[in-house]
2 protein chains.
Amino acid sequence: MNSKGRLYGIGVGPGDPELLTLKALRLLRSASVIAYQSAIDRESIARKIVSPYLPGNQTEILYHLPKALEPEKAKPIYDKEVEPIDKHLAAGRDVVVLCEGDPFFYGSFMYIYTRLSGEYHTEVVPGISSLMACPVSLGVPFTYYNDILTVLPATLPPEKLTAQLLATDAAAIMKLGRHFTKVRDILHQLGLDTRAKYIERATTSEQKIIPIDEVNPQEVPYFSMIVIPTTQKL
Amino acid sequence: MNSKGRLYGIGVGPGDPELLTLKALRLLRSASVIAYQSAIDRESIARKIVSPYLPGNQTEILYHLPKALEPEKAKPIYDKEVEPIDKHLAAGRDVVVLCEGDPFFYGSFMYIYTRLSGEYHTEVVPGISSLMACPVSLGVPFTYYNDILTVLPATLPPEKLTAQLLATDAAAIMKLGRHFTKVRDILHQLGLDTRAKYIERATTSEQKIIPIDEVNPQEVPYFSMIVIPTTQKL
């Protein structure tokens, strides 16, 4: 009998290897195959996070995904990318897919999940998201009591960003990259430029916290966030 | 020389003890004092989560907090509750405060942080929030690509809840308790009643997933959430 392998999607957290959960660590070490993505010509961040824990005898699958691709255009690429994972599972080997942050929170693992979880026993392990890690690294209590929290991709049009920021109590703005200047201008218009805090590569050795007006818009990495914390006085 | 103790606020995650991070586990075991809250006459949930890992020789501080108290009224109670923690720190003993979920995400640890972090070396460890755990336990990919995510306390007035739900792509509704019926009615009005998923006590042995219309409004615990996932087709 050739029983099927099991699929695991594990959140590996924001960057600090110590922010892996005990469950993610156990599953990571249990599987014969690990899979992870990276940008072409770049080291995989997810693999780097777990590298201190790898037993060294696992088959590794690296896949490349174009960044910030519209979901409709990404579909055929994902259909293709899941094939090696599918083959290992069909051959009875367990596969752990490494996911930066949390697997179901703006994560590319969801593409693998929707394609393979119907076919194979699948388990997903939540991870420490940048949404929780960034306020902690900044030292700002984030949301409290009856606060509304809104998570906004910086890719949204300025009028939508403005309307959302006006209607919420606390916010996180993600995917800043080349949208930083637009966001900074909106924060100034709304008088939020000192309350808003900028952080990049939170919890890693390269973490930087920079006042909004001192950030170089040309050098804003993908792994950056603006946090607008609660105004409630605790 | 009597050097001061260090204060640690550690997120212990949503319920499953295996969702503790490696960092939280290390700090938990390193301190001579642990502190945690519970409702009066109830076991502390945070302590229960970490109980498999306790070395057994730590001083324990239990404090009680009235639930859902307005921040303004809570202040004098917190002033009082931090005193035992303050004393241990002043005497040079490290104190680990256990926080369900994540410490800075609607957590009562923030009251301790604002009172004591100026006085003592303080470190906060992010935890797996119910915001990440609930979608994973429900098996629903939560947010993707350019989605806006809104986190809403069910305590808000109905017109505010409605307006927020109309303006977002994905949502989580927390603090349901006695507000469940109001929220359920709004979900029906907006045609969200099948897309919305209800879960209580996620990741624990008592976890329940119930269709919205089959939930008994009299039996909705504090640790429950309604998740409205992305509509993007992955």
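Since we're looking at a predicted model, the values are computed, not measured. (Residues numbered from 1 in each chain as written. Chains lettered and ligands numbered in written order. Predicted model: local features only at pLDDT ≥ 70, side-chain atom pairs only at ≥ 80, totals over all residues. Heavy atoms only, no water.)

(A) Examining the domain arrangement of chain A more closely. Residues and elements named next belong to chain A. Structurally, chain A comprises domain 1 (7-125) and domain 2 (130-228). Between the C-alpha centres of domain 1 and domain 2 the distance comes to 27 Å. Listed by partner, the interface residues are ten residues for domain 1 and eleven residues for domain 2. Overall, the association of domain 1 and domain 2 removes approximately 850 Å² of surface from exposure, summing both partners, and the carbon and sulfur fraction of that is 71%. (Domains from an automatic or database assignment. Contact = heavy atoms within 4.5 Å. Buried area = accessible area lost by both parts, 1.4 Å probe.)

(B) Representation of the sheet that holds strand S4 (residues 95-99) of chain B within the structure. All names here are of chain B. Sheet architecture is open: five strands sit in the order S3-S2-S4-S1-S5, paired in parallel fashion. Either end of the sheet is taken by a strand with one partner, and the two such strands are strand S3 (59-64) and strand S5 (122-125). Along the sheet, successive strands turn relative to each other by an average axial angle of 20°, direction set aside. Pairing of strand S2 (residues 33-38) with S4 involves three bridges; the strand directions are parallel. Pairing of Val33 across the sheet is with Val95, part of S4. (Pairing = 2+ DSSP bridges. Helix = DSSP H or I, 4+ residues; strand = E, 2+ residues; numbered from the N terminus. Axes fitted to C-alpha atoms, helices over the stretch in contact; angles between N-to-C directions.)

(C) Quick peek at the relation of the copies chain B and chain A. Laying chain B over chain A is done by rotating through 180° and shifting 0.0 Å along the axis; what remains is an RMSD of 0.0 Å. In symmetry terms, the pair is related by a two-fold rotation axis. (Least-squares fit on C-alpha atoms with pLDDT ≥ 70 in both.)

(D) Examining the pattern of salt bridges more closely. All names here are of chain A. Scanning the entire structure with this criterion turns up 20 salt bridges over all chains. Here Glu123 and Lys23 are joined by a salt bridge, their closest N and O atoms 3.0 Å apart. Of this pair, Glu123 sits in strand S5 (residues 122-125) while Lys23 sits in helix H1 (residues 22-30); the two residues are 100 residues apart in sequence, bridging distant segments of the chain. The exposure class of Lys23 is buried, given its relative accessible area of 13%. With a shortest N-O distance of 3.7 Å, Asp185 and Arg184 are connected by a salt bridge. (Salt bridge = Lys/Arg side-chain N within 4 Å of Asp/Glu carboxyl O. Buried < 20%, exposed > 50% of the residue type's maximum accessible area, 1.4 Å probe, protein only.)

(E) The arrangement of the side chain of B:Asp102 in detail. Its location among the elements puts B:Asp102 in the loop between S4 and helix H5 (109-116). Among buried Asp, Glu, Lys and Arg side chains, B:Asp102 stands out as unpaired, with B:Lys23 the closest opposite charge at 12 Å. In terms of polar contacts, B:Asp102 uses its side chain to reach the backbone amide nitrogen of B:Gly127, at 3.0 Å. Sequence-distant contacts of B:Asp102, defined by excluding residues within four places in its chain, comprise A:Met132, A:Val136, B:Gly107, B:Pro126, B:Gly127, B:Ile128 and B:Ser129. (Lys, Arg positive; Asp, Glu negative; His and termini not counted. Polar contact = N/O pair within 3.5 Å; in protein donor to acceptor, adjacent residues only side chain to side chain.)

(F) Expanded view of the sheet that holds strand S3 (residues 59-64) of chain A. All names here are of chain A. Read from one edge to the other, the open sheet built from five strands follows the order S3-S2-S4-S1-S5, with strand pairing classed as parallel. The sheet is open, and its two edges are formed by S3 and S5, each paired on a single side. On average, each strand axis in the sheet is inclined to that of its neighbour by 20°, with strand direction left out of account. Sheet topology places strand S1 (residues 7-11) next to strand S4 (residues 95-99); five bridges connect them, and they run parallel. The partner of Ile10 across the bridge, within S4, is Leu98.

(G) Broad picture of the side chain of A:Asp193. All names here are of chain A. Among the secondary structure elements, Asp193 is positioned in the loop between helix H8 (180-189) and strand S8 (197-200). Buried charged residue Asp193 carries no salt bridge. Nearest counter-charge: Arg184, at 9.1 Å. At 3.4 Å, the side chain of Asp193 and the side chain of His188 are in polar contact. Those residues in contact with Asp193, other than ones at most four positions away along the chain, are Leu187, His188, Ile212 and Asp213.

(H) Geometry of helix H7 (residues 158-166) of chain A. All names here are of chain A. Listed in full, the buried residues belonging to H7 are Leu161, Thr162, Gln164 and Leu165. The arc that holds every buried residue of H7, seen down its axis, measures 165°, which confines them to one face. Relative to its buried face, H7 has exposed residues pointing more than 90 degrees away, namely Glu159 and Leu166. Residues of H7 that are buried in the fold lie against strand S6 (149-153), strand S7 (170-174), H8 and strand S10 (224-228). (Arc of directions from axis to C-beta.)

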